Amino acid sequence: LVDVMTQNAELMLFNMAGGRFSDLRLRQAVLCALDRSELITNVYMNRAFATDVPVAPDSWTYDAKSKQYDHDVVRAQALLADMGFADTDEDGILEYPNSANKLEFTLLVARREAAAIIASQLKEAGILVVVEAAAHSLAAANSEYLTRLKNGEFDLALVSVNLPRNDDLGVLLRPNGSRNYGKANVPELVALLDEMLACPAEGEYQAAASRLQMKFVETLPFACLYFRMHSVICDSSIRNLDTLRKPDLLLGLEFWYFG
């Protein structure tokens, strides 16, 4: 078996349109409350890599310094407390400042596998999550799940997105991006994306990609959870498969050899 990284990113979208996630501290708290290692182990059988940016960890443009949100419930609770949330009735769920309203969100999913674990992890930080599973089929362009995403009928949503190899994240970052269901609108990110795509040289492109990633974790318009992995079955005597990558499984074929 040979591990193969994909361009398939698993994301958690914040619905930015309603203003509930306008405070960066709340978005940061949600991400800090998630234990992605538990999700990767129990849901994806260790076939995924956690990352805080929508750039695959084995990409030549990936900047390891962008990994800034580890599982830290204490940090999540501190961020929420700084916003004024408190568990005034001591039931384990936080209330809004000067209100009896609970800190509660819906989580829209097409698959239930990870949803219950995520809900449990966020509850540990004092956030109540109501999982709403919607029907979805890859063959149905107007499934219930996609319709709700497009209409913004969610607070949080888990989505899986296949990203281009050149790190053009316009579908997610541009206000009119086809996968920008959360209505993220960070002009600085769009400007950095355009700057990166306009770079003529490899070194400049990599440096611009790093600036884009660092601004992404600083602003956190949505949460990138992990990139999926697959395995390829091959003869154990084949060497130099380190760069094997889906969908370019034959890329570098001329450098393979038996040994």
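Before any of the text, the structure's been laid out above.
Residues numbered from 1 in each chain as written. Predicted model: local features only at pLDDT ≥ 70, side-chain atom pairs only at ≥ 80, totals over all residues. Heavy atoms only, no water.

(A) Quick look at unusual backbone geometry. Look at Asn 98: it is not a glycine, yet its phi comes out positive at around 55 degrees. The backbone phi angle of Lys 183 is positive, close to 60 degrees, even though this residue is not glycine. With respect to the helices, strands and loops of the structure, Lys 183 is situated in the loop between helix 6 (170-173) and helix 7 (187-197). On the basis of relative accessible area, Lys 183 is assigned to the partly exposed category, the value being 46%. (Helix = DSSP H or I, 4+ residues; strand = E, 2+ residues; numbered from the N terminus. Buried < 20%, exposed > 50% of the residue type's maximum accessible area, 1.4 Å probe, protein only.)

(B) Looking closely at the pattern of salt bridges. One pass over the full model with this rule turns up 18 salt bridges. Of the charged contacts, one joins Arg 148 and Glu 132 as a salt bridge, the two residues approaching to 2.4 Å between their closest N and O atoms. Within this pair, whereas Arg 148 is found in helix 5 (residues 144-151), its partner Glu 132 is found in strand 4 (residues 128-133), the two being separated by 16 residues in sequence. For Arg 148, a relative accessible area of 16% corresponds to the buried category. In the salt-bridge network here, residues are joined through shared partners; they are Glu 10, Arg 111, Glu 113 and Arg 228. (Salt bridge = Lys/Arg side-chain N within 4 Å of Asp/Glu carboxyl O.)

(C) Highlighting the state of the cysteines. What the rule picks out here adds up to zero disulfides. Between Cys 32, a cysteine without a disulfide, and Cys 224, which holds the nearest cysteine sulfur, the sulfur-to-sulfur distance is 15 Å. A relative accessible area of 0% means that Cys 224 is categorised as buried. (Disulfide = S-S within 2.5 Å.)

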